[in-house]
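These are the residues of each chain, in order.
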Amino acid sequence: MHSVVAAHLSLDPAFDFDQLTAFPFLVNALEAGTIVAVMAGVVGWFMTLRRESFAGHSLSLMAFPGATGALLVGLPAALGYFAFCGAGALVIGAAAGAGGARGRGEESAVTGAVQALGLACGFLFLSLYRGVLASYESVLFGSYLGITSGQVLALAGVAAGSLAFFAVVGRPLLFASVDGAVAGASGVPTRGLGVAFLLALGLAVAATAQITGVLLVFALLVAPAATAQLVTPRVGVGLALGVALGIVTVWLGVALAYATDYPIGFFITTVATSFYVLARAARALVARPPAWRRRRVAHPPSEGAAAA
Amino acid sequence: MGGQTVWSGVSLDIAPGAFAAILGPNGAGKTTLLRVLLGELPVTAGSASVHGSSPGALNRQIGYLPQRRQFDAAVRIRGIDLVRLGLDGARWGLPLRRRGAERVDEVLRLVGADDYATRPIGELSGGEQQRVLIAQALVSRPRLLALDEPLDSLDLPNQTAVAALLQRICRQDGVTILLVAHDVNPLLSYLDQVVYFGAGRAVVGAPREVINSETLSRLYGVPIEVLQASDGRLVVVGLPEAPAHHSDRHEHA
């Protein structure tokens, strides 16, 4: 976890940029981070809207058995991430579909079970491996070192597929997310879209975990999107802002980790959370009177016996 | 409905262009009727048709407002975007295109929501949200508007205002309106027809023809009295309560 060269970030962005792009491992980290930020920004925006953060959280933990399982059988870690997160998404999605109208409650129960089982498997794989897992912490808390060009390519491929998916289903998915009953009545396949979205979420989580680590996925998945939703209720602007904030977060995170030699996960989380806190504070400053004061008296005395 | 017969032997006809309310106690099958017309539930015996077609075939011509939709403050989507989804939400693609903007503005003006349509829906009051949702249901120019308890969460002035708005839409644009209601009183002066469900059956007719002691007593087979208050409101007395009636409405009514 020590960078090979001494680095000193200055206040001159051009100079810093030159420093950051001077080494291939840093270029790989920035490329991978940017790709992940784009994907996480879009997926996270929909996840926040759909209130599926619990599913997202559980899927992120599936990256742990993914990483350790791949290690155990000698496959690339990235493959393990995608396989386990994707499979977890399908299980949760199938449970939600089978639950029908009661899908929400069923979904969170199954999600919790999947999460616990995943963590347990991860721990089992780890003890079966017996060897020393040198990058134990980096699986959990992220690392920007050792990202290969092949990994960057794989991430780019998954991100391209994910963005193509959103380009096709974006509008009906938005409809189903904010207004499921009406969307269903107007012919949107809400259940199928729900499962497809969970799969996209699982893949985005698997990609993000490769940079931020299993436990800090939410720094890129939730914080930028939630910040964007605080700033603007516009759909297009919000999506773009979430992606932009994610990219800025990743670049600052890589730069600070490189300059200070402290873990990248800490910096990404801190930067992302700072944006969110700033947005909240800014909103509180310009806030109009709280909603309850603008409303009229909510309920007049009861109408008594009605004609029904 | 889970193997239960909600109603049977019901024959009813709503005139095109009419403003009709579906009334009756909880669990009598009001929402079931709407869902049958939307094609979401099959009828086990008999048939249903909407404007001469089988239910579900014409859903693009039905504007639908399900029961109790309240957006809380965390929903950060603009009212105007929600209305536009009523126009193109079922089409594939990105939710970015601006097509249909004139129709969206027109329908927002019609319901009187143009002042607050660009605010996040979760920040609007119950009455304002209901107007935006009515605009959403109307934006695709449906021939039938099906609303499930649209007045439920509104205060009295807003209930009357929304009822008047619906009647205006019905008259101006010739839209048939089917509205499930718990309390007929805010609607009474605007309605053309009433469907009253009870005891597994239903009666249909003009409001005063249906909501009177004689008709309702015949429907339920027990003596029922309809009283008129001095302000014209109707009160039904003696309704047989279905067993196990513990809905939230009864707790505060």
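Residues numbered from 1 in each chain as written. Chains lettered and ligands numbered in written order. Predicted model: local features only at pLDDT ≥ 70, side-chain atom pairs only at ≥ 80, totals over all residues. Heavy atoms only, no water.

1. Re the overall build of chain A
Across its full length, chain A holds 15 helices and zero strands. Buried positions account for 49% of the 308 residues belonging to chain A. Roughly 13,500 Å² of accessible area belongs to chain A as shown, and the carbon and sulfur atoms make up 71% of that amount. (Helix = DSSP H or I, 4+ residues; strand = E, 2+ residues; numbered from the N terminus. Buried < 20%, exposed > 50% of the residue type's maximum accessible area, 1.4 Å probe, protein only. Areas by Shrake-Rupley, 256 points an atom, 1.4 Å probe, with all protein chains shown as cover.)

2. Re the environment of Ala202 of chain B
Inspection of the secondary structure assignment puts Ala202 of chain B in strand β6 (residues 201-205). Taking the C-alpha atoms as reference points, Ala202 of chain B and Ser8 of chain B, 194 residues apart in sequence, are found 8.8 Å from one another.

3. A look at the pairing of strand β8 (residues 234-237) of chain B
Pairing between strand β7 (residues 225-228) of chain B and β8 of chain B: four bridges, direction antiparallel. In the sheet register, Leu227 of chain B faces β8 of chain B, and the bridge partner there is Val235 of chain B. (Pairing = 2+ DSSP bridges.)

4. Side note on the pattern of salt bridges
What the rule picks out here adds up to ten salt bridges over all chains. In this structure, the salt-bridge partner of Arg51 of chain A is Asp72 of chain B, at a minimum N-O distance of 3.0 Å. Taken together, the residues Arg51 of chain A in the loop between α2 (24-50) and α3 (53-61) and Asp72 of chain B in the loop between β2 (62-65) and α2 (79-88) connect one chain to another. A salt bridge links Arg78 of chain B to Asp81 of chain B, with the shortest nitrogen-to-oxygen separation between them at 3.1 Å. One exposure class covers both Arg78 of chain B and Asp81 of chain B, and it is buried. Taken together, the shared-partner salt bridges in this structure form one network comprising Arg78, Asp81 and Arg84 of chain B. (Salt bridge = Lys/Arg side-chain N within 4 Å of Asp/Glu carboxyl O.)

5. Things to note about helix α7 (residues 213-220) of chain B
Residues and elements named next belong to chain B. Listed as buried for α7 are Thr215, Leu216, Ser217, Leu219 and Tyr220. Looking at the buried residues of α7, the elements they touch are β5 (193-198), β6, α6 (207-210), β7 and β8. Phi turns positive, to about 75°, at Gly221, one or two residues after α7. (Contact = heavy atoms within 4.5 Å.)

6. Looking at the packing of aromatic side chains
The description of two aromatic rings rests on the distance between their centres and on the angle between their planes. All names here are of chain A. Applying the stated rule across the entire model yields nine aromatic pairs over all chains. Between Phe17 and Trp251, the aromatic rings sit 5.8 Å apart at their centres with planes inclined by 0°, giving stacked as the arrangement. Of this pair, Phe17 sits in helix α1 (residues 13-20) while Trp251 sits in helix α13 (residues 235-260), and the two are 234 residues apart along the sequence. Taking the centre distance of 5.1 Å and the plane angle of 70° together, the rings of Phe165 and Phe166 count as edge-to-face. This pair shows no difference in class: Phe165 is buried, exactly as Phe166 is. Here a set of aromatic residues connected by ring pairs shows up, and it is made of Trp45, Phe46, Phe165, Phe166 and Phe197. (Phe/Tyr/Trp six-rings, centres within 6.5 Å; stacked < 30°, edge-to-face > 60°.)

7. Brief notes about the sheet that holds β2 of chain B
Residue and element names in this part refer to chain B. Spatially, six strands are ordered β2-β3-β4-β1-β5-β6 in an open sheet, and the strand pairing comes out mixed. Every other strand in the sheet has two partners, leaving β2 and β6 as the edge strands with one partner each. Sheet twist, expressed as the mean angle between neighbouring strand axes with direction ignored, is 15°. Strand direction decides the pairing type here: strand β3 (residues 144-148) and strand β4 (residues 176-180), joined by five bridges, are parallel. For Leu147, the partnering residue across the bridge sits in β4 and is Leu179. The sheet contacts of helix α4 (residues 126-138) involve β2 and β3, and relative to β2 the element is tilted by about 155°. Docked against the sheet, helix α5 (residues 156-173) engages β1 (19-23), β3 and β4, running at close to 135° with respect to β1. (Axes fitted to C-alpha atoms, helices over the stretch in contact; angles between N-to-C directions.)

8. Points about the interface of chain B and chain A
Each partner contributes residues to the interface: chain B has 52 residues there, and chain A has 43 residues. A buried area of about 4,000 Å², summed over both sides, lies between chain B and chain A, and 56% of it is on carbon and sulfur atoms. The largest share of the area that chain B buries against chain A comes from Arg76, Trp92 and Pro95 of chain B, three residues that together contribute 17% of it. Counting every contact that joins chain B to chain A gives two salt bridges. Arg171 of chain A is paired through a salt bridge with Asp88 of chain B; the nearest N and O atoms lie 3.7 Å apart. (Buried area = accessible area lost by both parts, 1.4 Å probe.)

Function cannot be read off these values alone, since they describe shape.
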